[in-house]
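Chain by chain, the residues run as shown.
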Amino acid sequence: MKAIITGASKGIGKAIALKLASDGIHLIITARNFSELDLLKQEIQKEHPNIQVSIYTADLSNRAEVEKLIEDVFAQHQDLNILINNAGIYKQGDISNGDESILEEMMEVNLYAPIHISRGLLPILQKNKGSHIFNICSIAGLDPYPRAGMYSISKFAMQGFSRCLREELKEKGIKVCTIYPGATWSNSWEGSDLPASRIMQASDVAEVISMSIKLSPSAVLEEITLRPQLGDLP
Ligand SMILES: NC(=O)c1ccc[n+]([C@@H]2O[C@H](COP(=O)([O-])OP(=O)(O)OC[C@H]3O[C@@H](n4cnc5c(N)ncnc54)[C@H](OP(=O)(O)O)[C@@H]3O)[C@@H](O)[C@H]2O)c1
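Reading the values: rules and limits
- Residues numbered from 1 in each chain as written.
- Predicted model: local features only at pLDDT ≥ 70, side-chain atom pairs only at ≥ 80, totals over all residues.
- Heavy atoms only, no water.
- 1 Å grid on protein atoms, 1.4 Å probe; cavity = no way out; pocket = protein on both sides within 12 Å on 5 of 7 lines; lining within 4 Å.
- Points joined across faces, edges and corners; volume = space filled by probe spheres on them.
- Helix = DSSP H or I, 4+ residues; strand = E, 2+ residues; numbered from the N terminus.
- Nonpolar A, V, L, I, M, F, W, Y, C, P; charged D, E, K, R; others polar.
- Axes fitted to C-alpha atoms, helices over the stretch in contact; angles between N-to-C directions.
- Parallel < 35°, antiparallel > 145°, perpendicular 65-115°, else oblique.
- Left-handed = near helix turned anticlockwise from the far one by under 90°.
- Contact = heavy atoms within 4.5 Å.
- Near = heavy atom within 4 Å.
- Areas by Shrake-Rupley, 256 points an atom, 1.4 Å probe, with all protein chains shown as cover.
- Sits in = over half its atoms within 2 Å of the grid points.
- Salt bridge = Lys/Arg side-chain N within 4 Å of Asp/Glu carboxyl O.
- Buried < 20%, exposed > 50% of the residue type's maximum accessible area, 1.4 Å probe, protein only.

Asker: What's the story with the layout of surface pockets in this structure? I'm lost.
Answerer: Rolled over the atoms, a probe with the dimensions of a water molecule shows which regions are left empty. A volume near 1200 Å³ is recorded for the largest pocket. Around the largest pocket sit 48 residues that line it, and Gly88, Ile89, Tyr90, Ser186 and Ser188 are the ones nearest its centre. Among the elements of the structure, helix H1 (11-22), strand S2 (26-31), helix H4 (100-127) and helix H5 (149-169) are those that each provide at least two residues to the lining of the largest pocket. No other element matches the three residues that H1 contributes to the lining of the largest pocket. Its residues assigned to classes, the lining of the largest pocket comprises 21 nonpolar, 17 polar and 10 charged. The space that makes up the second largest pocket amounts to roughly 260 Å³. Lining the second largest pocket we find 16 residues, and of these Gly173, Lys175, Pro217, Ser218 and Ala219 sit closest to its centre.

Asker: I'm lost on the packing of H1 against helix H2 (residues 34-47) in this one. Help?
Answerer: Each pair of packed helices can be described by the angle between their axes along with the distance between the axes. For the pair H1 and H2, the least separation of the axes is 10 Å and the interaxial angle reads 25°. What the angle tells us is that H1 and H2 run roughly parallel. Pair H1 / H2 crosses with right-handed handedness. In this structure, H1 contributes Lys14, Ala17, Leu18 and Ala21 to the contact, and H2 contributes Leu40, Glu43 and Ile44. Its residues placed into classes, the contact of H1 with H2 shows five nonpolar, no polar and two charged.

Asker: Looking at this structure, I do not really get the site of the ligand. What am I missing?
Answerer: Contacts to the ligand come from 31 residues, most closely from Ser9, Arg32, Asn86, Tyr151 and Ser186. For the ligand, whose free accessible area comes to 880 Å², the fraction covered by protein is 92%. Cavity membership is defined here by more than half of the atoms lying within 2 Å of grid points; on that basis the ligand lies in the largest pocket. Residue composition of the shell around the ligand, grouped by class: 14 nonpolar, 13 polar and four charged.

Asker: When you look at the pattern of salt bridges in this model, what are you seeing that I'm missing?
Answerer: If you walk through the whole model with that rule in mind, you get 13 salt bridges. For Glu207, the salt bridge is made with Lys19, and the minimal N-O distance between the two is 3.7 Å. Separated by 188 residues along the polypeptide, Glu207 in helix H6 (residues 202-213) and Lys19 in helix H1 bring together distant segments of the chain. In this structure, Arg163 and Glu223 form a salt bridge, with 3.6 Å as the shortest nitrogen-oxygen distance. Residue Arg163 is found in helix H5, and its partner Glu223 is found in strand S7 (residues 223-226); the two are separated by 60 residues along the sequence. Relative accessible area serves as the criterion here: at 42%, Arg163 is assigned to the partly exposed category. Counted as one network, the salt bridges with shared partners bring together Lys19, Asp23, Glu207 and Lys214.

Asker: Help me out: how do you make sense of empty space enclosed by the protein in this one?
Answerer: Applying the stated criterion across every chain yields a total of one cavity of 30 Å³ or more. Of the voids in this model, the largest cavity is the one considered here, and its volume is about 40 Å³. Looking at the largest cavity, the residues that line it are Thr6, Leu60, Asn85, Asn86, Ala87, Val109, Ala113, Pro114, Ile117 and Met158.

Asker: Just to check I follow, could you spell out unusual backbone geometry for this structure?
Answerer: Glycine aside, residues mostly have negative phi angles, and peptide bonds mostly take the trans form. One non-glycine residue, Arg147, lies in positive phi territory at about 60°. Examined against the element boundaries, Arg147 turns out to sit in the loop between strand S5 (132-136) and H5.

Below, the structure written as structure tokens:
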């Protein structure tokens, strides 16, 4: 099996890469920063020397770079069968008075890039067995998120994209899973004085993806909501 993970260099994406490598899945890892991806590759290959790890850098807010990524993966990885649309940015901002450019950037990275990447790689996924698309949405895509209405818009839209894709691909043998994590330790929470126990671990999200991949071909985990045990942060 081979998976592409966007936003693989840190946080949830990195945890998914580490977990899938331990499951014996070859990886294509992408983000903007090459050196962080390279460090991750070294970490994975030290532990799992048989796992192939390919690195591509791309800024997903830039349509030309998204197209180049699709083109390169298409040309070099015809054996791909798992796509994990994880890269995303979170910026605070209300709809009423937030900066417009924040909304546009989040729509590019959190919504349009996953749509273009999914469309672009579908011919490969359709051809291969056991294909699966995971879209890392957010609880902010289920309910309005305080002080981050513009982020919520991008994640509600991602929910719509992912659920529609699930319906479209049902008959084509490609599983689609929408994941709605609550607060999860990552760079976004750096500097926070919350106790570690109040926020989920990125590895919790990775575990459910790993489990979902192991289901029989006749079952799909369509939607998964993961929350801190004590509930959402106020
Ligand atoms: N952490 C949470 O509490 C939480 C909760 C719910 C949902 N989520 C969602 O989970 C996903 C991962 O979040 P995270 O907290 O793990 O994020 P993170 O730690 O900030 O990591 C984000 C990843 O995406 C990459 N990235 C950011 N902007 C990019 C761009 N323009 N082009 C390409 N790659 C880009 C980053 O690498 P580079 O900077 O090198 O590009 C990094 O690898 C996101 O979709 C987020 O919305 C997170």
